[in-house]
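Coordinate inspection notes
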Amino acid sequence: MSTSLTGTTALITGASGGIGAATALSLAAQGASVALVARRKDRLDDLAARIRATGGTVLAIEADIVDRLQATAAVEQTIAAFGGLDTLVNNAGIMLLGRVSLIEPGPVATELFTHIRPEILEASREAFANATLLHAEDIADTITYVVSRPARVVMSEVLVRPDGSQW
Ligand SMILES: NC(=O)c1ccc[n+]([C@@H]2O[C@H](COP(=O)([O-])OP(=O)(O)OC[C@H]3O[C@@H](n4cnc5c(N)ncnc54)[C@H](OP(=O)(O)O)[C@@H]3O)[C@@H](O)[C@H]2O)c1
């Protein structure tokens with residue numbers, strides 16, 4: 001049976017439990033060949049057996065992704081086994097609760113637009129047809145504001161949109 005991810009490959013880090021294991025099962029159920037990466041190989045092997053039992057294609061790779069060589073080797077092993085890599089789910093990790101802020105700018109008038117491919121430029125023109133472009137200084141202001149809050153205040157996500165944008 002052909003499903004939405006048949007013929008594609010995915011590598012999931014942190015696949016020995018939690019969200020990573022569930023994601024590996026889900027992608028495999030949609031037909032993706034999945035490479036499972038984590039440090040606890042016994043757990044990867046158990047999950048690989050479950051996926052194989054349902055007809056899936058799977059590779060279990062023991063690696064500590066903090067070690068760049070092991071992380072690179074895991075990717076290379078996946079490509080060698082499956083002939084390519086379409087999806088990387090870079091999920092491994094522990095939840096570090098710190099002062100991490102995500103600042104997402106809308107379109108900003110910088111040299112970026114001279115560096116991107118024409119078709120993407122065309123799509124972004126349509127999306128931002130009636131929008132005013134932001135200035136680089138608008139984003140700089142936002143960053144400065146976010147990082148200068150009192151210690152008790154953490155701003156985790158800021159979306160900066162130009163006036164008139166539709167998104
Ligand atoms: N659970 C939440 O509430 C929550 C909320 C927001 C975001 N997240 C994020 O979602 C991701 C998965 O979380 P989870 O709840 O599924 O956590 P989890 O159940 O603790 O699973 C973490 C996975 O990461 C792997 N891992 C940890 N360090 C690794 C390393 N150095 N190299 C290779 N694999 C490593 C662990 O496998 P091994 O120990 O076998 O290596 C395990 O498979 C994390 O990045 C977490 O920050 C979680």
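Residues numbered from 1 in each chain as written. Predicted model: local features only at pLDDT ≥ 70, side-chain atom pairs only at ≥ 80, totals over all residues. Heavy atoms only, no water.

Brief notes about the side chain of T78
- Topologically, T78 is positioned in helix α3 (residues 68-82).
- Looking at T78, the relative accessible area reads 0%, which means it is buried.
- Ignoring sequence-local partners within four residues, the contact set of T78 consists of L11, A35, L59, I61, G83, G84 and L85. (Helix = DSSP H or I, 4+ residues; strand = E, 2+ residues; numbered from the N terminus. Buried < 20%, exposed > 50% of the residue type's maximum accessible area, 1.4 Å probe, protein only. Contact = heavy atoms within 4.5 Å.)

Re the packing of aromatic side chains
- The tally for this structure, following the rule as stated, stands at zero aromatic pairs.
- It is R149 that lies over the ring of Y145; its NZ or CZ is 3.7 Å from the centre. (Phe/Tyr/Trp six-rings, centres within 6.5 Å; stacked < 30°, edge-to-face > 60°. Lys NZ or Arg CZ within 6 Å of the ring centre and 35° of its normal.)

Focus: the pattern of salt bridges
- On inspection of all chains with the given rule, the structure shows two salt bridges.
- Here K41 ties to D45 by a salt bridge, and the two come within 2.9 Å at their closest N and O atoms. One end of the pair, K41, and the other, D45, are both in helix α2 (residues 41-53), four residues apart, so they sit about a helical turn from each other.
- Residue classification places K41 among the partly exposed residues on the basis of a relative accessible area of 28%. (Salt bridge = Lys/Arg side-chain N within 4 Å of Asp/Glu carboxyl O.)

What about the site of the ligand?
- Around the ligand lies a shell of 18 residues, among which S16, I19, R39, D64 and N91 are the nearest.
- For the ligand, an oxygen atom lies 2.7 Å from a polar atom in the backbone of I19.
- Within the backbone of I65, one N or O atom sits 2.9 Å away from a nitrogen atom of the ligand.
- Coverage of the ligand by the protein amounts to 67% of the 890 Å² it exposes when considered alone.
- Of the residues contributing to the shell around the ligand, the split by class is nine nonpolar, six polar and three charged. (Near = heavy atom within 4 Å. Polar contact = N/O pair within 3.5 Å; in protein donor to acceptor, adjacent residues only side chain to side chain. Areas by Shrake-Rupley, 256 points an atom, 1.4 Å probe, with all protein chains shown as cover. Nonpolar A, V, L, I, M, F, W, Y, C, P; charged D, E, K, R; others polar.)

What about the nonpolar core?
- Counting 17 residues, the largest nonpolar core has I12, V34, L36 and I51 as its most contacted members.
- Elements represented by at least two residues in this core include exactly β1 (9-13), α1 (18-29), β2 (33-38), α2 and β3 (58-62). (Core = buried A, V, L, I, M, F, W, Y, C linked by side-chain atoms within 4.5 Å.)

Comments concerning the environment of S156
- Mapping S156 onto the fold places it in the loop between α6 (136-147) and β6 (157-160).
- Judged by its relative accessible area of 44%, S156 is partly exposed.
- Through-space distance from the C-alpha of S156 to that of V89 is 22 Å; in sequence the pair is 67 residues apart.
- Those residues in contact with S156, other than ones at most four positions away along the chain, are V100, S101 and L102.

Looking at the domain arrangement of the protein
- Per the domain assignment, the segments making up the protein are domain 1 (9-90) and domain 2 (102-160).
- Each of domain 1 and domain 2 has a C-alpha centre, and these two points are 34 Å apart. (Domains from an automatic or database assignment.)

With respect to the packing of α1 against α2
- In the contact formed by α1 and α2, the axes pass within 10 Å of each other and the chain directions differ by 20°. Considering the angle they form, α1 stands roughly parallel to α2. Between α1 and α2 the crossing geometry is right-handed. For the pair α1 and α2, contact is made by A21, A24, L25 and A28 and by L47, R50 and I51, respectively.
- A class-by-class count of the residues in the contact of α1 with α2 yields six nonpolar, no polar and one charged. (Axes fitted to C-alpha atoms, helices over the stretch in contact; angles between N-to-C directions. Parallel < 35°, antiparallel > 145°, perpendicular 65-115°, else oblique. Left-handed = near helix turned anticlockwise from the far one by under 90°.)

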